[in-house]
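# A closer look at the structure
Below are the chains, spelled out letter by letter.
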Amino acid sequence: MKTIATGNKAVAEAVKQAQPTVIAAYPITPQTQIIEQIAEYVASGKLKSRFIPVESEHSAMAACIGASVTGVRTFTATSSQGLLYMHEMTNWAAGARLPIVMANVNRAISPGWNIWAEHTDSMQERDTGWLQVYAGSVQEAYDATLMAFRIAEHEDVLLPVMVNLDGFALSHISQPLDPVEIGDFLPPMFLPHAIDTQNPAGYGVLTGPDDYFKFRWDIERSMRDSVKVIESVQEDYARRFGRCYGFTEDYCCDDANVVVISMGTLGKEAEVAIDMLRSEGIRAGSLRLRWLRPFPEINLEGREIVVIDRAYSFGFGGILATSIRSRIKRDLYSVIAGLGGQEVTYEDIADFIRQRRIGEECWFGVNDHA
Amino acid sequence: MDIPSEEYLLKCSSSCAGCSDSLTLRYVLKAAGPDTVLIVPACCTSVIQGMYPQTAFNVPVYNIAFGAAAACASGMSNALRALGRKTSVIVYAGDGGTLDIGIQALSGAFERGTDFLYICYDNEAYGNTGMQRSGATPLGARTTTTPSGKMDVKKDIDAIVAAHSPPYMATACPAYPRDLFQKVRKALMFRGPSFLHVLAPCPPGWRFSPEKSVELGKLAVKSCMWVLYEREHGKLSLSSPSRTAMKKPIPLEEYLAPQGRFEGINAETLEALKQNIAESIKRLTAEEAGG
Ligand SMILES: Cc1ncc(C[n+]2csc(CCOP(=O)(O)OP(=O)(O)O)c2C)c(N)n1
Ligand code: SF4
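On a predicted model such as this, the values are computed, not experimentally measured, just so you know.

### Overview of the sheet that holds strand β3 (residues 88–94) of chain B
Judged by pairing direction, the sheet is mixed, and its nine strands sit side by side in the order β9(A)-β2(B)-β1(B)-β3(B)-β4(B)-β6(B)-β5(B)-β7(B)-β8(B) without closing on themselves. Whereas interior strands pair on both sides, the edge strands pair on one side only; in this sheet they are β9 (202–203) of chain A together with β8 (235–238) of chain B. Of the strand pairs in this sheet, β3 of chain B and strand β4 (residues 116–122) of chain B are connected by five bridges, and their pairing is parallel. Note that in β4 of chain B the partner of Ile 90 of chain B across the bridge is Leu 117 of chain B.

Here it is as C-alpha cells:
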C-alpha cells in the first residue's frame, strides 16, 4: 500500500521485511531514526530480531560480525563519525566474507561539526571490500535495502553491502513509498563457512603471504562476479515488483553533447537541470551513479563530461571525478559542490554544465559559479 | 571433579616454552568441552593458534580485532541463542585486550547481560608485540616501554568488572589447575556474563626460566600478590590456597627475586607493593566476613 515515508523510515521498513536475526547499532544523526524505528518494531513484536544496543560503532560492526559468522542475517546502520569509528571492523567484515548489510546516512566529517550531507564518509570505505549503492529517492532507499540482503548473501558474492542515502536531503524528507510484498524474494541465508562446533576450524588465523594474497584475490573475484549478481537481482526485482534499476540511472544521455555525472540526491536534482537546459535547446544529459563498488562500466564516447563531487581527496582531487577520468581516459570538468550540505540547486547544476571548462576543477561557491 | 583426558589444545601449538597462557587454555577447553567457540582478539593466543591452514585448537576459534572481542561475543551469543543453541561462547583475551583497548566492549557486553564467559589471561604486559607495559603491569615491573620500572599501579579490572554485577566472576592461576578447571565449569553454568581473571606467568616477559612457570604462579598466590577468589551474585569467597596464604604470606621478595623484570626495584617501590598487598588482604577478608 502506497504511503509517505522519510528515507530513514523506508530503510527501517525494508529491514523489517528482511527480518535479520541480529541487528546491532549505535545512534548518530541523521541515521538515528533508522535504529529507533527498528527498536520500536522489535519492542512491539513486529520484527522478531535480536536488537543489540551496543556502546559504539566499533562494537556494532563487531557484534554483526560475531552474529553473521553463525550463519544468520544481520543489519546495522551508521553515518559519518560512526562509519569512521567502525573502519577497522568494516575491513574485517569484508575480509571475513560476511554478508552484513549496513545503511549509511551520508554526512560530513568533523571538524567542524556538521551533520549535513556529504559523501566523503562512505568514499573513505571504497577500498574495504564492501559493495556500495547510493539511493536517489526514498523509494530507492527502500528497494536498495531489500536487494542488498539478497546480493550480499548470494553464494557468488558473500561480501557486505552498504546502502547509502544523503543525510537530511533523503534521510529526513518525505516522499511516496510503495512497499512490496516480498514473498520469497529473500531466500534463507546460507553461509558456507558458518561456525560449526562439530567441525572446528580457525577463522582469520595467522596467514602467510601466499594464502593471504589468494584471499584478497578471492575478494576481487567476488567483486567482479557481483556485477552479474546485481544485474540479475535488479532484474528479478523489476520482474516481481515492477521497479527497474541499473548500475547507473541515465537521463537523456542518448543524444547528449554533454553529460553531468553525480551521485545521490544531486543526481536527481541534475535531472531537473537537464529538463531546463533541454528547454533552452542545450543537448545535455545526466548520469547518476548508483553503484560505486563494483564500479560500473561507463560508456560516454564523444560526450563532454561534467562530474559533481560531494567528496574530496585532499591534495589530489574529487574522488568521483578521479574515478571517472581513469575509466573514460580523457579529461572532464570537475566540480566540487555540496560538501557539508552546501545547497546546490538545479539552476546551479545547469550553470556547471553551461560554464564547463574541460580539464579544470572548480570549488562551487569558493572560486567559481559563485 | 575429574579433569577429562581429552585434549583440545593440540600438540602443534607454537607458544614459548613454559607458557601459562597455553597451560590455562588447556584447562579452560577441558572444562568447556567441544560445544564451545573461542573468540580471540589480537594477542599471544592468536600466535599460539598456529598458521593457516592449520590450527592448534580443536574447537572453532574466531579471531577478531584487538578491541572488539566482547562485542563480537555479544553478536555471536545472541545469534546462537536465537538459533536455539547452547554452545559456550568464550572470549579468551590478554590483559591488553581486556584492561586497555578492549575495556569499552567488555563493559558494554557485561552491562547488556550477554550470555558468555570472558576470560582474561594476564601476563601483565603486551606479549604479542614484545612486552610493552599494559594497564595490568604491576608497579615497579620493567617492560620495554617502562625500562626503569612502571610508575603506575596495576589497574583493578576486577573491581571494574564487579561494578557491573555479573552473576559470577573469579580469579585463577594455572598453577592451581583443579581450582581453574572448577571455576570455568561453574562460570559456564551461569546465564549472562561471567568473568575469569587468570594470572599467567610468562617466562620471556617476566624473565624467569621456563620450567618455573607453575612455581611462579604458586609464589604469586603464597605471597598474596595474586589472590584466588570467586564472587557469586556479588558474594565473595576466598579460594582455599589464598585463604591459607593470607594467614601467613611468604615474603614478597621470594616471588620477585626469580623475575628479571623486578631487578633493581627500589626500596620505596617494594614498600608500596607490600602495602598494596596488605591492603588487599584486609579488604578481601573484611568483604568475605561481610564487613
Ligand atoms: C588496533 C590495534 N592496535 C595495536 C595492535 C597491535 N597489538 C597486537 S596484540 C597487542 C598486545 C596484546 O597484548 P595482550 O592483550 O596483553 O595479550 P598478550 O599478547 O600478552 O597475550 C598489540 C599492541 C593491534 N593488533 N590492533
Ligand atoms: S610471550 Fe608469554 S604469554 Fe606469550 S606465548 Fe610466550 S610465554 Fe606465552
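Right, picking up where we left off after that structure.
### Quick notes on the site of ligand 1
Looking at ligand 1, there are 17 residues lining it, with Gly 96, Gly 97, Tyr 121, Gly 127 and Asn 128 of chain B nearest. More than one chain approaches ligand 1, the contributing ones being chains A and B. Asn 123 of chain B places a side-chain nitrogen or oxygen 2.9 Å from an oxygen atom of ligand 1. Burial of ligand 1 by the protein amounts to 76% of the accessible area it has alone, namely 590 Å². For the shell around ligand 1, the element with the highest residue contribution is helix α4 (residues 95–100) of chain B, accounting for three residues. Looking at the shell around ligand 1 residue by residue, the classes come out as eight nonpolar, seven polar and two charged.

### Some points on the packing of aromatic side chains
Per the counting criterion, the structure on display carries 19 aromatic pairs over all chains. Considering the side-chain rings of Phe 110 of chain B and Phe 116 of chain B, the 5.6 Å spacing of their centres and the 65° angle between planes classify their relative orientation as edge-to-face. Summarising the aromatic geometry, the rings of Trp 206 of chain B and Phe 208 of chain B are spaced 6.2 Å apart at their centres and angled 70° between planes, so their arrangement reads as edge-to-face. Judged by relative accessible area, which is 1%, Trp 206 of chain B ranks as buried. Within the aromatic cluster, the residues linked to one another by ring pairs are Phe 110, Phe 116, Tyr 118 and Phe 195 of chain B. Positioned over the ring face of Tyr 41 of chain A is Lys 16 of chain A, at 4.6 Å from the centre of the ring. Stacked on the ring of Tyr 176 of chain B, the Lys or Arg Lys 218 of chain B has its end atom at 5.7 Å from the ring centre.

### Considerations on the site of ligand 2
If you check the shell around ligand 2, you find Cys 16, Cys 19, Asp 21, Cys 44, Asn 123, Met 131, Cys 202, Pro 203 and Pro 204 of chain B and nothing else. Taken together, the residues of the shell around ligand 2 break down into seven nonpolar, one polar and one charged.

### As for the domain arrangement of chain A
All names here are of chain A. What the domain assignment reports for chain A is domain 1 (3–241) and domain 2 (248–363). Once you take the C-alpha centre of each, domain 1 and domain 2 turn out to be 27 Å apart. Taken together, the 30 residues of domain 1 in the interface contact 21 residues of domain 2. The three residues of domain 1 that bury the most area against domain 2 are Met 123, Arg 126 and Tyr 134, which together make up 25% of that side's buried surface. Our enumeration of links across domain 1 and domain 2 arrives at four salt bridges. Connecting domain 1 to domain 2 are 14 residue pairs in polar contact (both at pLDDT 80 or more). Elements supplying a minimum of two residues to the side of domain 1 that touches domain 2: α5 (120–123), β6 (131–134), α6 (138–153), β7 (161–166) and α7 (209–241). Take the side of domain 1 that touches domain 2: its biggest share by element is five residues, from α7. Here the side of domain 1 that touches domain 2 is composed, by residue class, of 17 nonpolar, eight polar and five charged.

### Considering the interface of chain A and chain B
Taken residue by residue, the interface counts 38 residues in chain A and 40 residues in chain B. For chain A, the biggest contributors to the area lost against chain B are Arg 50, Thr 197 and Leu 206 of chain A; these three give 19% of the whole. Across the contact surface, chain A and chain B share one salt bridge. With its nearest N and O atoms 2.7 Å apart, the salt bridge here joins Glu 55 of chain A to Arg 112 of chain B.

### Focus on the nonpolar core
Counting 112 residues, the largest nonpolar core has Met 61 and Phe 75 of chain A together with Ile 39, Tyr 62 and Tyr 118 of chain B as the members making the most contacts within it. It is α6 of chain A that provides the largest number of residues to this core, a total of 10 residues. Apart from residues lying up to four places away in sequence, Ile 39 of chain B is in contact with Tyr 62, Ile 64, Ala 69, Cys 72, Ala 73, Met 76, Val 89, Ile 90, Val 91 and Tyr 92 of chain B.

### Brief notes about a nonpolar patch on the surface
Residues Leu 206 of chain A together with Val 47 and Met 51 of chain B make up a contiguous nonpolar surface patch of roughly 230 Å² in combined accessible area. Secondary-structure assignment places Leu 206 of chain A in the loop between β9 and α7.

### Details of the pairing of strand β14 (residues 304–309) of chain A
Residues and elements named next belong to chain A. When you tally the buried positions in β14, you get five out of six residues, the bulk of the element. Here strand β11 (residues 258–263) pairs with β14 via four bridges, running parallel. Directly across from Val 258, in β14, lies its bridge partner Glu 304. Of the strand pairs in this sheet, β14 and strand β17 (residues 333–336) are connected by four bridges, and their pairing is parallel.

### Observations concerning the pattern of salt bridges
Within the structure shown, the criterion is met by 38 salt bridges over all chains. Between Glu 220 of chain A and Arg 224 of chain A there is a salt bridge, with the nearest N and O atoms lying 2.6 Å from each other. One end of the pair is Glu 220 of chain A and the other is Arg 224 of chain A, both in helix α7 and four residues apart, which spans about a single turn. A relative accessible area of 32% places Glu 220 of chain A in the partly exposed class. The shortest N-O distance in the salt bridge between Lys 30 of chain B and Glu 7 of chain B comes to 3.2 Å. Taken as a pair, Lys 30 of chain B in helix α1 (residues 20–32) and Glu 7 of chain B in the segment before α1 lie far apart in primary sequence, 23 residues in all. Counted as one network, the salt bridges with shared partners bring together Glu 140, Glu 249, Lys 268, Arg 288 and Arg 290 of chain A.

### Focus: the pairing of strand β4 (residues 74–78) of chain A
Residue and element names in this part refer to chain A. Within β4, five of the five residues are buried, leaving the element largely enclosed by the surrounding structure. Neither face of β4 is open: one carries Thr 74, Thr 76 and Thr 78, the other Phe 75 and Ala 77, and all of them are buried. Traced from β4 through helix α4 (residues 80–95) to strand β5 (residues 101–106), the parallel crossover comes out right-handed.

Criteria and cut-off values
- Residues numbered from 1 in each chain as written.
- Chains lettered and ligands numbered in written order.
- Predicted model: local features only at pLDDT ≥ 70, side-chain atom pairs only at ≥ 80, totals over all residues.
- Heavy atoms only, no water.
- Pairing = 2+ DSSP bridges.
- Helix = DSSP H or I, 4+ residues; strand = E, 2+ residues; numbered from the N terminus.
- Near = heavy atom within 4 Å.
- Polar contact = N/O pair within 3.5 Å; in protein donor to acceptor, adjacent residues only side chain to side chain.
- Areas by Shrake-Rupley, 256 points an atom, 1.4 Å probe, with all protein chains shown as cover.
- Nonpolar A, V, L, I, M, F, W, Y, C, P; charged D, E, K, R; others polar.
- Phe/Tyr/Trp six-rings, centres within 6.5 Å; stacked < 30°, edge-to-face > 60°.
- Buried < 20%, exposed > 50% of the residue type's maximum accessible area, 1.4 Å probe, protein only.
- Lys NZ or Arg CZ within 6 Å of the ring centre and 35° of its normal.
- Domains from an automatic or database assignment.
- Contact = heavy atoms within 4.5 Å.
- Buried area = accessible area lost by both parts, 1.4 Å probe.
- Salt bridge = Lys/Arg side-chain N within 4 Å of Asp/Glu carboxyl O.
- Core = buried A, V, L, I, M, F, W, Y, C linked by side-chain atoms within 4.5 Å.
- Patch = residues over 30% accessible without salt bridge, like charges linked within 9 Å, V, L, I, M, F, W, Y side chains within 5 Å.
- Right-handed = clockwise from strand over helix to strand, strands pointing away.

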